[in-house]
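This is what each chain is made of:
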Amino acid sequence: MNRGWLGWIVLALGMTSSCARHAAAPAEAQPKAFGSAVVLVSGDKQAAGVGSVLDQPVVVQVNDDKGTAVAGALIRFAGAGGVTFDPDHGLTGSDGQFSTNVSLGGTHGRYQIVAATTDSSGKAAEVRIDEIALGYQETLGQQVSDIHCVRCHDSESTPQRVSNHDNLTAQAHAFTDGATLNAMSDAELAAIIGHGGAALGKSAEMPPYGNTLTKPEIDAMIGLLRALSDPPYRPQGIFYAGK
Amino acid sequence: MSFRKRVRSAWQYLFGDSASAFGTLSAVLLILLAVVPAKDYFREWLGYQKQYLRLIHGRGDANSLTRRFQGGLQQIWMPELDVVDRCTTCHTALKETSLADVKTQPFRPHPVIPHKLTEFGCVICHRGQGAATTVEEAHSSTKSWEEPILPARFLEASCGQCHLDRLLGAPRLNQGRDALAQYGCVRCHTIKGPDGVTMTGSDAPPPLLHIAEKTTREWIAAWLKNPQAYAGSATMPNFQLADDETRDISAFLIAQSTPYQTQKAPEPAPAASQDAASVQESTSLYGESFCSSCHAVQNAAGMLVGGNLGPELTRVGSKVKTEWLVDWLRDPKTYDPETRMPHYRLGAKEVGLLIGFLSSKSDSDFLGTTQLAAATPAQIERGKTLVIERGCANCHGINGVKKPENFAPELTLVGSRPLEKILFAPGVPHTLADYIGAKIRQPRSFGNALKMPQYTLAPQQIDALATALLAQTQRAQTLPASLRIPRSAPSNYRPAAKAGQLIDDMRCFSCHKINGRGGDMAPELTWEGSSVQRAWLVNFLKNPNTLRPALIRRMPKFDVTDAEAITLADYIMTVYQTPAFDQETLDSSRFTPADMEHGKELFYGKYACQSCHIVDPNKDKGYIGPTLTQVGTRLTASWIFRWLKNAQSLRPGTLEPVWNMNDEDARAVTAFLVAQKNAPRKEVAQK
């Protein structure tokens, strides 16, 4: 009787395990080569609206011990919170690179995605990449910023707009400059946007925008700064007496 | 045995004697009675509320969170909006900003939005079934309920139900609506807003009435085969025509073409010389004429350089006939009276140079060596049938083919289209957003017989188009009209008299907006007469120079005569006056040197205007605003004074912030600026 039960259990286990292996097999692309490291080539810290496809694809490269690119290595992308990849895995090309289009999840904030490969012994190597999803407020901030702010605060020129950054004596802070901006409270940022640099003892080259932008627009600007900040902004919690 | 006895024995057989039957029934009843409170106890939302209370229990602000928590079924009810939303029953913390660190649903606080949750509820923006109290029914589509939650990337569609005009915080909606107009979607599909206004195209598909004069049948056939092979930026979609179809359509288009009336006597076409010196000269003339403000050309690196108001010119030399190009450059209106291209008053030599430049922009690979055999009447007839079938006349003027009406399905309510009426292509998820996206991405995947052509669009553009289309809902039609944020009414303003003719001739409206009509490439001119000085304006019209150093798109030189410049300047000075102030309010003759000196201090100190403007070219570097070296000869004192106080009120959307300067400061800075009359020589060598 006991043996009979044991037999059934062995049979059931055998069936499930063989099933599992069987199910996973067809999706697997077989690596043609192995590398020992994944490095990011381009496409990190992009900001896009919630749920949307990032403007630029994320490109990673597989290298071997000597740092040379490995073609035909298997790359697998993963991410939490509803991030999707097109495609989510594949083999690196002849330049050792693999590129994927990333769609962000449905809630605003930072998303960490992982690109991983395995070396010949099965040991995993991975690179973690941050992307930023903008909610309504941050999107509005980005629109406001495109009109009024980036010409001075972004030192890069684009075909549509020439940067004014280097024409100023005070160096306008980039909006990703977390080291400076994270140390400023929302109220301080609102004050400098609204009243201008001169009113706060900083450079008068920062004009006051308090009469040009509405309060929600200034709040949206701050929201954008917090979203883009590198290192990431961590709001100070609320402190309660006695707890 | 009597019937009664039979029943009784059956009863006895089933339930035993009466006493035990009563006992059994009571027990059954008790169990049934217990089911109801048990079902109530295990309701999904009660579980979430308990989970929420556990979540906030250990937090620092547990007391205030608990105090604000309301148990039981919650509901936002707004009969006038048809909103019955019970979402807040489980989404308990939507207003609790202190829970910003909570990432698990349903307890995340709602991100900042411009509306109160109690103002519109949830489903107006998010869709879903507001009255449902289970997760499945509220969020997913079921057989009886077809409106699942709208994926986050299309959320701006919901803004579009009330916001009919551009909305700063909804760039994807704006982009989608622009694309609907720009890619000609609205020329085949009728799309009406909830205000009853039909969307119109913003593209300018050329009329084909005289096409044979402009280009060859071979080019037409190659273009029809794949417009993007000729110009990557072409907005005409690919109709996926077979070779015999492009052969027949091109035959018909050539056959229907009529000669156009050139107003001028035909002059001999200036010879286009290709020697190095004239190549140099023609390239610089193309640059000086600011053709690239509207037209793009692919550079050696494959990047498009230039505007998109006119067609891309990368391969124009393989397209147009030289005789046509001569006429076109002399006066585009003779060929197409509705064109956006201005009438440049080019001389024969300039026309020759530009033709030399444009004919060098050719690509022998595009046409290859194909020669089409002479068209047969049967081919022409089939070509006409194809033109009618494909709806070419929706966009293009074609002799003998009327613009069809209701050619494609109306999309006014496409955002509420019931899923049961949609035939999904294999592999497309059963949601409306996915259907619309798939339909735009690959229309023919829904059947080869469909008429809709293949567009070349980026995934972002497809999402934007889907967003704009998802805004076209039944709900948008039924919401109270008072909630609508109306769009600016289209204006068909036409300036009068001789100046009006000149403004039309130079197509000023292609770039400038006046009284609500016109493009947005160049500054608005509605109140230009209050802003500038007449002498400056006359001079500028004759020789427009760039006011902003960083500007890429610039005003071309139209070679207007003195008389024309004076006519235009007089009209602008008289008609385009703001009612907001009057020139006599500020007497610039009473500015003293002390005023100027004070103004200079304010300019460089308190207001740091040099961050954006240049007054002293040797010192100032500001790149954003206009150069002010000669502003004293350009602008009036009153305009400068008002501008310093509130520029946005004079020209909404200008980059100048509203300074709200006090009268004293504004007067001093005005005094300083009015004195800037002569361009000081720049001492450093120009780079």
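Bear in mind that the values here come from a model prediction, so they are computed numbers and not experimental data. (Residues numbered from 1 in each chain as written. Chains lettered and ligands numbered in written order. Predicted model: local features only at pLDDT ≥ 70, side-chain atom pairs only at ≥ 80, totals over all residues.)

### Notes on the overall build of chain A
Stage number 1. Across its full length, chain A carries 6 helices and 9 strands.
Stage number 2. Going through the 243 residues of chain A one by one, you find that 33% of them count as buried.
Stage number 3. For chain A, contacts bridging at least 24 residues in sequence account for 58% of all contacts bridging at least 6. (Helix = DSSP H or I, 4+ residues; strand = E, 2+ residues; numbered from the N terminus. Buried ≥ 20, exposed ≤ 12 C-beta atoms within 10 Å, placed from the backbone. Contact = placed C-beta atoms within 7 Å.)

### Some remarks on the sheet that holds strand 5 (residues 84–86) of chain A
All names here are of chain A.
Stage number 1. A sheet is described by the order of its strands in space; here 4 strands give the open sequence 1-3-7-5, paired in antiparallel fashion. Strands with a single pairing partner mark the edges of an open sheet, and in this sheet they are strand 1 (37–42) and strand 5. Neighbour to neighbour, the strand axes of the sheet diverge by 35° on average, direction disregarded.
Stage number 2. Here strand 3 (residues 58–63) runs beside strand 7 (residues 97–103); their pairing, made up of 4 bridges, is antiparallel. Opposite Val59, over in strand 7, you have Ser99 as the bridge partner. (Pairing = 2+ DSSP bridges. Axes fitted to C-alpha atoms, helices over the stretch in contact; angles between N-to-C directions.)

### Examining the pairing of strand 4 (residues 74–79) of chain A
Residues and elements named next belong to chain A.
Stage number 1. Summarising the sheet, strand 4 and strand 6 (residues 89–91) pair through 3 bridges and their orientation is antiparallel. Bridge assignment links Leu74 to a residue of strand 6, and that residue is Leu91.
Stage number 2. Taken together, the 4 bridges between strand 4 and strand 8 (residues 109–118) define a ladder with antiparallel strand orientation. The partner of Gly79 across the bridge, within strand 8, is Ile113.

### Focus on the packing of helix 2 (residues 136–148) of chain A against helix 6 (residues 215–228) of chain A
All names here are of chain A.
Stage number 1. Where helix 2 meets helix 6, the closest approach of the two axes is 7 Å, and the angle between their N-to-C directions is 100°. The orientation of helix 2 with respect to helix 6, classified from their angle, is roughly perpendicular. Only Glu217, Asp219, Ala220, Met221, Gly223, Leu224 and Ala227 of helix 6 make contact with helix 2, whose side of the interface consists of Gln137, Glu138, Leu140, Gly141, Gln142, Val144 and Ser145.
Stage number 2. Here the contact of helix 2 with helix 6 is built from residues that sort into 6 nonpolar, 5 polar and 3 charged. (Parallel < 35°, antiparallel > 145°, perpendicular 65-115°, else oblique. Nonpolar A, V, L, I, M, F, W, Y, C, P; charged D, E, K, R; others polar.)

### As for the domain arrangement of chain B
Stage number 1. When the domains of chain B are assigned, the result is domain 1 (3–41), domain 2 (44–149), domain 3 (171–202 + 408–483), domain 4 (211–377), domain 5 (497–575) and domain 6 (583–674).
Stage number 2. Of note, the centres of domain 2 of chain B and domain 4 of chain B, computed from C-alpha atoms alone, are 59 Å apart. (Domains from an automatic or database assignment.)

### Topic: the sheet that holds strand 6 of chain A
All names here are of chain A.
Stage number 1. Spatially, the 5 strands line up as an open sheet ordered 2-9-8-4-6, and their pairing is mixed. Each end of this open sheet is capped by a strand with a single partner; those strands are strand 2 (47–49) and strand 6. On average, adjacent strands in this sheet sit at an angle of 30° to one another, irrespective of strand direction.

### Some thoughts on the nonpolar core
Stage number 1. Core analysis: the largest hydrophobic core is formed by 71 residues, its most contacted members being A:Ile75, B:Leu465 and B:Ala466.
Stage number 2. Looking at this core element by element, the count peaks at 8 residues for helix 6 of chain A.
Stage number 3. Every residue in contact with B:Ala466, bar those within four places of it in the chain, is listed here: B:Phe154, B:Ala433, B:Ile436, B:Gly437 and B:Ile440.
Stage number 4. Core analysis: the next-biggest nonpolar cluster, separate from the first, contains 61 residues, B:Ile355, B:Leu502, B:Cys508 and B:Phe672 among them. (Core = buried A, V, L, I, M, F, W, Y, C linked by C-beta atoms within 7 Å.)

### Looking at helix 2 (residues 18–41) of chain B
Think of an α-helix as turning once every 3.6 residues; residues three or four places apart then point the same way.
Stage number 1. With 24 residues, helix 2 of chain B extends 35 Å between its outermost C-alpha atoms, agreeing within 8% with the 34 Å of an ideal straight helix rising 1.5 Å per residue.
Stage number 2. The element helix 2 of chain B is largely exposed, with a buried count of 0 among its 24 residues. (Expected span 1.5 Å × (residues − 1).)

### Here we look at the confidence of the model for chain A
One rule of thumb: low pLDDT means the predicted coordinates there are not for detailed reading.
Residues and elements named next belong to chain A.
Stage number 1. The share of residues in chain A with pLDDT of 70 or more is 85%, and the mean pLDDT across the chain is 84.
Stage number 2. The weakest mean pLDDT in chain A belongs to helix 1 (residues 2–24) at 50; the strongest belongs to helix 6 at 94.
Stage number 3. For residues 18–26, every residue scores under 50 in pLDDT, and the model assigns this stretch 0 contacts once sequence neighbours within four places are set aside. (pLDDT = per-residue confidence, 0-100.)

### Regarding helix 27 (residues 593–604) of chain B
Residues and elements named next belong to chain B.
Stage number 1. For helix 27, built from 12 residues, the straight-helix expectation of 16 Å at 1.5 Å per residue is met to within 8% by its first-to-last C-alpha distance of 17 Å.
Stage number 2. Among the residues of helix 27, Met596, Gly599, Leu602 and Phe603 are the ones counted as buried. One side of helix 27 holds all its buried residues, which, seen down the axis, span an arc of 125°. Among the exposed residues of helix 27, those oriented more than 90 degrees off its buried face are Pro593 and Ala594. (Arc of directions from axis to C-beta.)

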